[in-house]
Amino acid sequence: MKACVDIGGTKVAVSLAKAGSTDLIARQNAPTAKTGDNEAVARQVMQLIEAACAEAGVPVSDVDQVGVSSAGPFVLRDGAIALATPNICGGLAGPDRGLPNDWTFAPIEAPLAARFARVRVENDAVAALEAERRWGALKGEDHCAYVTWSTGVGVGLCVDGRTLRGKNGNAGHAGHLFVSDDDNEALCGCGNRGDVESLVAGNAIARRFGVDAAELFGAAQQGDAKALATVDALCRVMGRLLYNLVAALDLSRISLGGSVFWHNRDFLLPRLQSQLEGRLPSLTDGVELVAAGLGDKVGDYAALALVD
């Protein structure tokens with residue numbers, strides 16, 4: 001039995017899959033633990049695995065593989081991956097960010113490896129990239145990316161058919177690229193001001209504009225001029241990120257997912273595509289932006305791709 005774990009800044013979800021199957025069963029989820037000591041997230045994952053096993057009617061001892069798809073960045077602690085995730089670890093940006101803890105990292109691989117035979121932890125965008133290349137909108141693509149626009153902004157990268165990971169598994173953290181030095185009030189959970197996440201991430205929208213993402217995008221789609229101007233400004237920032245990825249890595253297709261994008265995909269996709277068109281055509285002509293082929297299940301299948 002395989003446990004498929006999706007850790008995000010907003011929620012943690014766990015599903016099970018039988019060996020040799022891609023059918024996900026017994027899904028359990030809960031708001032991401034952010035209080036107590038820094039092993040709270042690992043304990044929560046184990047509790048959700050236990051709950052999923054109880055729902056499926058199987059003993060926890062049947063789980064021999066755990067795939068963890070998690071928002072990063074990661075750090076290594078005694079050779080094991082720990083989370084240094086801005087939307088989970090409040091100690092990275094300090095009290096101004098408003099998270100209810102002072103963690104600078106949260107152990108994840110070591111606590112799970114102490115209980116389960118095989119554990120694989122990958123950045124959630126890297127895992128989603130693998131899932132999209134296997135089952136989704138990036139099948140057959142050797143020069144591609146997966147971009148999530150959600151609580152945070154993350155990227156998984158593939159060049160020449162090879163997934164990029166980097167020294168600590170953090171390749172693709174393009175959400176922390178600086179795109180502005182004018183907005184000093186836009187504080188990212190990592191401590192940066194003026195990076196992509198601080199300006200457009202789901203949790204940044206409420207802080208910057210006083211409305212949540214659903215309300216803002218709903219108003220824009222209803223024709224509210226102020227909301228539409230705000231959304232267009234957000235799309236310019238995301239468009240710069242997408243263009244920079246294409247220009248730096250010579251990509252042919254980018255798959256997009258995440259809650260902010262997915263719930264507004266028909267509205268956002270042409271706006272984001274227009275940010276590429278006409279800019280250095282030798283690099284951007286023919287580059288496709290597409291909605292994630294796995295839809296709102298991409299996070300679940302991302303974790304499955306790690307153990308399948």
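The preceding data block contains the structure.
The sections below set out a description of the structure shown in this document. (Residues numbered from 1 in each chain as written. Predicted model: local features only at pLDDT ≥ 70, side-chain atom pairs only at ≥ 80, totals over all residues. Heavy atoms only, no water.)

## Brief notes about the nonpolar core
- The biggest cluster of nonpolar side chains holds 40 residues, and the ones touching the most others in it are Trp149, Val200, Phe217, Met238, Ile254, Leu268 and Leu272.
- For this core, the element with the most residues is helix 7 (residues 225–249), which contributes 11 residues.
- In this structure, isoleucine 254 is in contact with Ala145, Val147, Leu242, Val246, Glu288, Leu289 and Val290, ignoring residues within four places of it in sequence.
- Formed by 34 residues, the second largest nonpolar core is a distinct cluster that contains Val14, Val41, Ala42 and Leu48. (Core = buried A, V, L, I, M, F, W, Y, C linked by side-chain atoms within 4.5 Å. Buried < 20%, exposed > 50% of the residue type's maximum accessible area, 1.4 Å probe, protein only. Helix = DSSP H or I, 4+ residues; strand = E, 2+ residues; numbered from the N terminus. Contact = heavy atoms within 4.5 Å.)

## Re the environment of glutamate 109
- Relative to the helices and strands, glutamate 109 resides in helix 2 (residues 109–113).
- Expressed as a C-alpha distance, the spacing of glutamate 109 and alanine 233, which sit 124 residues apart in the sequence, is 38 Å.
- Discounting chain neighbours no more than four positions away, the residues touching glutamate 109 are Gly79, Ala80, Ile81, Val119 and Val121.
- Looking at glutamate 109, its side chain comes within polar contact range of the main-chain nitrogen of isoleucine 81, at 2.7 Å. (Polar contact = N/O pair within 3.5 Å; in protein donor to acceptor, adjacent residues only side chain to side chain.)

## Quick word on unusual backbone geometry
- Following glycine 72, the chain continues into proline 73 via a peptide bond in cis, with omega recorded as 5 degrees.
- As for its placement among the helices and strands, proline 73 is situated in the loop between strand 4 (65–70) and strand 5 (74–77).
- Positioned with a positive phi, aspartate 78 is a non-glycine residue whose angle comes to about 55 degrees.
- Even without being a glycine, leucine 280 presents a positive backbone phi close to 45 degrees.
- With respect to the helices, strands and loops of the structure, leucine 280 is situated in the loop between helix 9 (265–274) and helix 10 (281–284).
- Residue leucine 280 is classed as partly exposed on the basis of its relative accessible area of 43%.

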